[in-house]
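# Summary of structural features
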Amino acid sequence: MRARHGPLTTGQANMVRCMLTDPPEHMNYRVVRALQPGTTLAAITKAVIGLVTRHESLRTTFHDGLQRVLAEGGVTVEVHETGAPSAGADAAGNRADAPVSEKDAESGWAGGPEGAESGGARGTKGAQDGRAHGAARAEGGGPARIRAETPDADLAEEVARRLHGTRFAPAEEIPLRIAVITSGGVPRQVVLVTTHSATDAAGLAVLLTEWDELLLGKPLAPVTAPQPLDVAAAERTPAGLRRAQAALRYWEGHLREVPRSTLTVAVDGETDWLLPRLRVRSVPAAGALGRISARTGASPSAAVLAALAALAGVRARLRTVVVLSISANRFRPELREYVGPLAQDALIPVDIGEDGFDAVLRGARSATMAAYRNSRFDSDALIRVMEDVQRERGLFFARDLVFNDMSVPGRGARVGRTGQDVHSVWLPPATLPTRASLWVHRLHGELDVTLWADPRCLPRDDARALGEGIARLLIEAGDRDVPLTELTALTGVVPVSRDEGWLLADGCWIHLPEVERLVRDALARTAGGDAAARLAETVVTAEADERFGHRLVCFTSAKTTPEALHSACLSLLPGRMSALTPHRYVVCATAPPPGAAWRDLPRIAEGSGR
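The notes below deal with the structure included here. (Residues numbered from 1 in each chain as written. Predicted model: local features only at pLDDT ≥ 70, side-chain atom pairs only at ≥ 80, totals over all residues. Heavy atoms only, no water.)

## Remarks on the sheet that holds strand 20 (residues 584–588)
The mixed open sheet is built from 4 strands, whose spatial order is 18-19-20-21. Of all strands in the sheet, those with a lone pairing partner are strand 18 (538–545) and strand 21 (603–607), marking the two edges. Strand-to-strand twist in this sheet, taken as the mean axis angle between neighbours without regard to direction, amounts to 20°. Two strands pair when backbone bridges link them, and strand 18 and strand 19 (residues 549–556) are joined in this way by 8 bridges, in the antiparallel orientation. Residue pairing across strands places T538 opposite T556, the latter belonging to strand 19. Along the sheet face, helix 17 (residues 562–572) touches strand 19, strand 20 and strand 21 and points at about 125° away from the line of strand 20. (Pairing = 2+ DSSP bridges. Helix = DSSP H or I, 4+ residues; strand = E, 2+ residues; numbered from the N terminus. Axes fitted to C-alpha atoms, helices over the stretch in contact; angles between N-to-C directions. Contact = heavy atoms within 4.5 Å.)

What follows is the structure in structure tokens.
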């Protein structure tokens, strides 16, 4: 091994930025696994060293736009003892065969057990005083060992929650945490925690496969996939730069046209993103997917995505539904075993139209192919594009309908259910920063999906109708092209009820009272201590427009400018699902007297504010 350094990949840059701002539960992976009988701490230590040695992403730190691959260092393996007695363990709870062998140490990486209480740990680089994980310390300065009287599985989950919920320090800490749960000194469970800067879900699958082989003592084939620094170099070649620019053009073109959101309701503000989850399973739906693919040529994954888009379109009464699908970006063979962050959003606009489901599926199929080709990009550059488009259109693009296919091609399910049933069950809430997300676990043998739904946008009854409706639509589509007019009767998904304050503007549903409230809040923010400005009269009207459907015009007597008011409105848009900024601002000296109209008054200033 050798130390290396260089620029970040686009995936790393995106994930490192998110690691510093998003809750660690959103950014970290955690895996808890029972260990085979006979697994020793020495074998676990050797497997850890094997992984870290093979994959540079597991020994990389990040510093102001640079990544540094370490050639030597240490990996702490926490050991947590349940307290159950067992022959062969020493007094501290560690088995005698735990230390790293000389052969392992020659790699430059050392790993070994580190005792810790069940609620904390110590020994990670940059946190040697134990404070990073809230560790208890013994009076003599060593680690405190507290014997927990809980079963090993419960203790493993407790440790996993702590490690998973602690933010990684990208400049100081390698992105890997390991804990072993022992019972009477015998390893029973292992906890593995890593983060999105090191890998994505596909790369994690590679790591776990290798982990299992290493624990069994099997030799691994040499790594043939590139390391992150190699990917960063490829991204900076002329071809790589052209692909990235093409992706930005693709996103910009669609962001200028698509609706800002699909699940548009009159709510605003922040949420803790603790979302209910509905797991839906259906054997008949999996069988129908095969028939749908044979008839249309579309993949089972595309069929599920199309069903989600079609039903969301019915609920929203929109002709175009935007689905953000997580693209693994591993189309090239050399990247399939890559351990590093490659997955990024693919923006898929699905046309719903008025024909049957087959037409939706054909459109979704072609749209996904184009979207996946343009799903590797410089996220900082895309943010700048989004900011420019948002200012021009006067909206804040919502990531509110996400599709994540995590199924393994060809892997079936062991199921005991038969018949034409669709089964669903509510799972405990979990955190995910999106309004609705469909996670696909299996497509063969049994359709197995989980729908995460923000109850403010999708109350539980509506979420159940949508989740089960996807399976029911697929079952029916296995035998015929289902007319879209039948979807409500077939699935129970009904259009959202909207009063007269709702209208379509620039392809988006907006609630006119919410737009007016946005403007008033913006004026209050810009007015500061100016009481007269805060009391100024303001109205927003909707005028029929060939381009936008409805053009929103703001009239105000406040002392402001279109540019200042538009900027203030934009700053308050995030989280307001049913509001756009006005397309035009008109500033008048006074409000109209009784019997007069705003448009008849002399104007101090007017314009789009863009």
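Anyway, onward from the coordinates.
## Considerations on the sheet that holds strand 13 (residues 423–431)
One open sheet holds the 7 strands; their spatial order is 11-10-12-14-15-9-13, and the pairing between them is mixed. Of all strands in the sheet, those bounded by a partner on one side alone are strand 11 (344–351) and strand 13. On average, each strand axis in the sheet is tilted by 25° relative to the strand beside it, whichever way the strands run. Two elements, strand 9 (residues 274–282) and strand 13, share 7 bridges in a ladder whose sense is antiparallel. What sits directly across from L278, in strand 13, is W426. In the packing of helix 11 (residues 357–373) onto the sheet, contacts are made with strand 10 (320–327) and strand 11, and the angle to strand 11 comes to roughly 150°.

## Examining the side chain of R4
Secondary-structure assignment places R4 in strand 1 (residues 4–7). Of note is the side chain of R4, whose polar atom sits 2.9 Å from the side chain of E56. Discounting chain neighbours no more than four positions away, the residues touching R4 are E56, Q67, R68, V69, Q227, L229 and D230. (Polar contact = N/O pair within 3.5 Å; in protein donor to acceptor, adjacent residues only side chain to side chain.)

Everything listed here is a matter of coordinates, which is why it stays silent on function.
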